[in-house]
Amino acid sequence: MVMSIGCHAVHNANPCPASFGGLCSCGMGYSPYDGFKEKKYTVNCTNTGFTNTSMLRDLPEKTEVLIFTGNSVPVLPFNVLNNTTQFDYLETIDMSNNHIRFIQGKTFHKVYNVKNLILDHNDLEITDKLERPRIFSNFENLERLHLTNAFSDKINASEYLLSLEDIFYESDLIYLKILHLEQNEIWSIGGNSKVFCQLQELEQVLLGDNRLIDFDFRIDCLHSLIYIDLERNMISRLSDQAMADLDDFMKSKPRLEIKLDDNPFVCDCRSKNFINWLNTTSVKVKNWENYKCVDGYPKSNIGKRLIEVHELGCPESSRRAKSGSKSSFHDDHFENDGHHHYFGYSSATIGAMAFMLIFTSSMLLAVAYFHRQKIKELVIPYWDFATRKIGYAGISNDETPQEVSV
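Q: Explain the state of the cysteines here, please?
A: Chemically, a disulfide is nothing more than a covalent bond linking the sulfur atoms of two cysteines. Under the definition given, this model contains five disulfides. Through a disulfide, Cys-197 is tied to Cys-221; the S-S separation comes to 2.0 Å. The sign of the S-S torsion, about -70°, decides the handedness of the disulfide formed by Cys-197 and Cys-221: left-handed. Of this pair, Cys-197 sits in the loop between β9 (178–180) and β10 (204–206) while Cys-221 sits in the loop between β10 and β11 (227–229), and the two are 24 residues apart along the sequence. By sequence-ordered numbering of the bonded cysteines, the protein has its disulfides arranged as 1-3, 2-4, 5-6, 7-9, 8-10.

Structure follows, in structure tokens:
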């Protein structure tokens, strides 16, 4: 009797449809997606071991939050939810960490009121024939799109960024405010600089924990933008073009904040414009007073906060000073060109290169000395032949051989 009562109580507390196999929880609960502010009807299928989504066809119509994470579903099928049911209350879909590689173009229906879509930590492939430009097209009121670590490592970031631009164009996400693209191994956006331009209401673009070396995408088309996160990338300094674009944006939108924390800033003569910009720009660079030099010249700059740096030298300036020569184009290029990362080496790098050169030369000389007799036997016949060829060529060029004085 006690066991039957206990089971009955659990069944009432977890009224999921039978197709969920008792592996999910269904009922009212505080939602982490709104900061636990209020209770919402939540269906939670976390780490259930599901390898398909067939049970989601029976998702209760009153569901407000769907959590389907930690499973293994490489392909999301057509109509992943029952397309005959109106999910008027559904606000959040979290399908992160499911090893999803492919989302069909007609996967989601009746999701008009979803505001929060989370696809973090998947293996999405959205290039070439696997691209489905309308995968987000039914999310008519989507406000937050989470694509952190969402794409396959097998595909170059520039390829899926190009496809993402097409997807944004076809999906008409006119209410999207926040876009997460952290941890996606993005080295550059440059070739797809207009990738965000279709998101007219975009307020925040988060690109932290990538490999970006500069801010290189267009924002003049984003009239609602107020926040750019570029923390923990590979930025040694912003280029002149990037700084100019940010300042120009502020003329029409005086409310922009950018975050550059934990980037490997270099403090040498090439950083002069960047440090001056940090001190004078009207862009709010969050917490910039605490940014530190990871490398620099002179080496005493390393470890200093950028705000404390007063001497900015070039790696070759001391050599030119000894020779009394004037500053060359190389220096001017260091100081004025935005493409800073192509020039200059640290002393450690130069020392390592010199050591390798000396070591290799020594090994070659040692080998040559050890085999000197064989080398002599091989070289002398070719030398004699070559000198004879030169002599014949000289004679053929003149009717009469020139007398050579010895």
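Q: Looking at this structure, how should I read the nonpolar core?
A: When a protein is soluble and globular, its nonpolar side chains tend to lie buried together. Counting residues in each nonpolar core, the largest one holds 90 residues, and the members touching the most others are Phe-196 and Ile-228. It is helix α2 (residues 157–171) that contributes the most residues to this core, six residues altogether. Among residues more than four places away in sequence, those in contact with Ile-228 are Val-205, Phe-215, Phe-217, Ile-219, Leu-246, Leu-256, Glu-257, Ile-258 and Lys-259.

Q: Could you clarify how one ought to interpret the sheet that holds strand β2 (residues 39–46) in this entry?
A: Note on sheets: strands pair through backbone hydrogen bonds, and any given pair is parallel or antiparallel. Here we have 11 strands laid out as an open sheet, ordered β1-β2-β3-β5-β7-β8-β9-β10-β11-β12-β14, and mixed in their pairing. Looking at strand neighbours, the two that pair on one side only are β1 (25–30) and β14 (284–286), the edges of this open sheet. Adjacent strand axes in the sheet meet at a mean angle of 10° when their direction is disregarded. Alignment of β10 against β11, held across three bridges, turns out to be parallel. Paired with Leu-206 across the two strands is Asp-229, which belongs to β11.

Q: Would you mind showing me how to read the environment of Thr-51 here?
A: Examined against the element boundaries, Thr-51 turns out to sit in the loop between β2 and β3 (65–69). For Thr-51 and Pro-74, which are 23 residues apart along the polypeptide, the C-alpha to C-alpha distance reads 8.2 Å. Other than its neighbours up to four places away in sequence, Thr-51 contacts Ser-72 and Val-73.

Q: Would you take a moment to explain helix α4 (residues 272–280) for this structure?
A: Two residues of an α-helix separated by three or four positions point the same way, owing to the 3.6 residues in each turn. For α4, the set of buried residues is Phe-274, Ile-275, Trp-277 and Leu-278. Seen from one end, α4 has its buried residues packed into an arc of 155°, which puts them on one side.

Q: Help me understand the packing of helix α3 (residues 240–252) against α4 in this model?
A: Orientation of α3 relative to α4, taken along the N-to-C sense of each, is 20°, at an axis distance of 10 Å. Relative to α4, α3 is oriented roughly parallel. You can see that α3 and α4 cross each other, and the crossing is left-handed. For the pair α3 and α4, the contacting residues are Asp-240, Met-243, Leu-246 and Asp-247 in the first and Asn-273, Phe-274 and Trp-277 in the second. When its residues are assigned to classes, the contact of α3 with α4 shows four nonpolar, one polar and two charged.

Reading the values: rules and limits
- Residues numbered from 1 in each chain as written.
- Predicted model: local features only at pLDDT ≥ 70, side-chain atom pairs only at ≥ 80, totals over all residues.
- Heavy atoms only, no water.
- Disulfide = S-S within 2.5 Å.
- Helix = DSSP H or I, 4+ residues; strand = E, 2+ residues; numbered from the N terminus.
- Core = buried A, V, L, I, M, F, W, Y, C linked by side-chain atoms within 4.5 Å.
- Buried < 20%, exposed > 50% of the residue type's maximum accessible area, 1.4 Å probe, protein only.
- Contact = heavy atoms within 4.5 Å.
- Pairing = 2+ DSSP bridges.
- Axes fitted to C-alpha atoms, helices over the stretch in contact; angles between N-to-C directions.
- Arc of directions from axis to C-beta.
- Parallel < 35°, antiparallel > 145°, perpendicular 65-115°, else oblique.
- Left-handed = near helix turned anticlockwise from the far one by under 90°.
- Nonpolar A, V, L, I, M, F, W, Y, C, P; charged D, E, K, R; others polar.

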